[in-house]
Amino acid sequence: MSSDQRSLASVDRLIHEPSRSNILAILAIVESVDFLYLQHETGLTKGNLSVHLSKLEEAGYIKIEKTYRGKIPFTLCSMNSKGRQAFEVYRKQLAQFVENTKET
């Protein structure tokens, strides 16, 4: 296995899943967003989005706050410092992989 392949193999697999990296990319640029906004932006179904958010929350990368607005459930999602750090490492690893595999 080449060093380029090893560098890609060492990325955080939880984040590397496309839907979760998309969710974290959105959360990285905002303070917090509601569930429906994330659903709209990612194109995921409610069930799929819920599963991905749960996995990110279990990993300690995001915070999910469930409340009500009147009688309507309201879910607010935000990335915490652990998630920001993990996503930044992931971004750097991908950038390095792309740089290392460029044709010269």
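The structure under discussion appears in the preceding block.
Now for a quick tour of the structure. (Residues numbered from 1 in each chain as written. Predicted model: local features only at pLDDT ≥ 70, side-chain atom pairs only at ≥ 80, totals over all residues. Heavy atoms only, no water.)

**Comments concerning the pairing of strand 2 (residues 62-69)**
Then step 1. One ladder, built from 8 bridges, connects strand 2 with strand 3 (residues 72-79); its direction is antiparallel. Within strand 3, the position partnered with K63 by the bridge is S78. (Pairing = 2+ DSSP bridges. Helix = DSSP H or I, 4+ residues; strand = E, 2+ residues; numbered from the N terminus.)

**Some details on the environment of S81**
Then step 1. Residue placement: S81 occurs in helix 6 (residues 81-100).
Then step 2. On the basis of relative accessible area, S81 is assigned to the exposed category, the value being 60%.
Then step 3. Between the alpha carbons of S81 and I62 there is a distance of 8.6 Å; along the sequence they are 19 residues apart. (Buried < 20%, exposed > 50% of the residue type's maximum accessible area, 1.4 Å probe, protein only.)

**Focus: helix 3 (residues 18-27)**
Then step 1. Judged by how many residues are buried, helix 3 sits mostly within the fold: 7 of 10 residues are covered.
Then step 2. The set of residues buried in helix 3 consists of S19, R20, S21, I23, L24, I26 and L27.

**Comments concerning the packing of helix 3 against helix 4 (residues 35-42)**
Then step 1. Close contact between helix 3 and helix 4 brings their axes to 10 Å; oriented N to C, the two are set at 125°. One element, helix 3, and the other, helix 4, form an angle in the oblique class. The crossing of helix 3 and helix 4 is right-handed. Seen from helix 3, the contacting residues are N22, I23, I26 and L27; seen from helix 4, they are Y37, L38, E41 and T42.
Then step 2. Broken down by class, the residue content of the contact of helix 3 with helix 4 amounts to 5 nonpolar, 2 polar and 1 charged. (Axes fitted to C-alpha atoms, helices over the stretch in contact; angles between N-to-C directions. Parallel < 35°, antiparallel > 145°, perpendicular 65-115°, else oblique. Left-handed = near helix turned anticlockwise from the far one by under 90°. Contact = heavy atoms within 4.5 Å. Nonpolar A, V, L, I, M, F, W, Y, C, P; charged D, E, K, R; others polar.)

**Focus on helix 4**
Then step 1. Burial in helix 4 covers these residues: F35, L38, Q39 and T42. Along the axis of helix 4, the buried positions cluster into a sector of 100°, meaning they face one direction only. Opposite the buried face of helix 4, at more than 90 degrees from it, the exposed residues are L36 and H40.
Then step 2. Looking at the buried positions of helix 4, the neighbouring elements they touch are helix 3, strand 1 (33-34), helix 5 (46-58) and strand 3.
Then step 3. The opening residue of helix 4 is D34, an N-cap whose side-chain oxygen sits 3.0 Å from the backbone nitrogen of L36.
Then step 4. Following helix 4 by one or two positions, G43 has its phi on the positive side, about 75°. (Arc of directions from axis to C-beta. Polar contact = N/O pair within 3.5 Å; in protein donor to acceptor, adjacent residues only side chain to side chain.)

Purely spatial values, then, with no claim about function.
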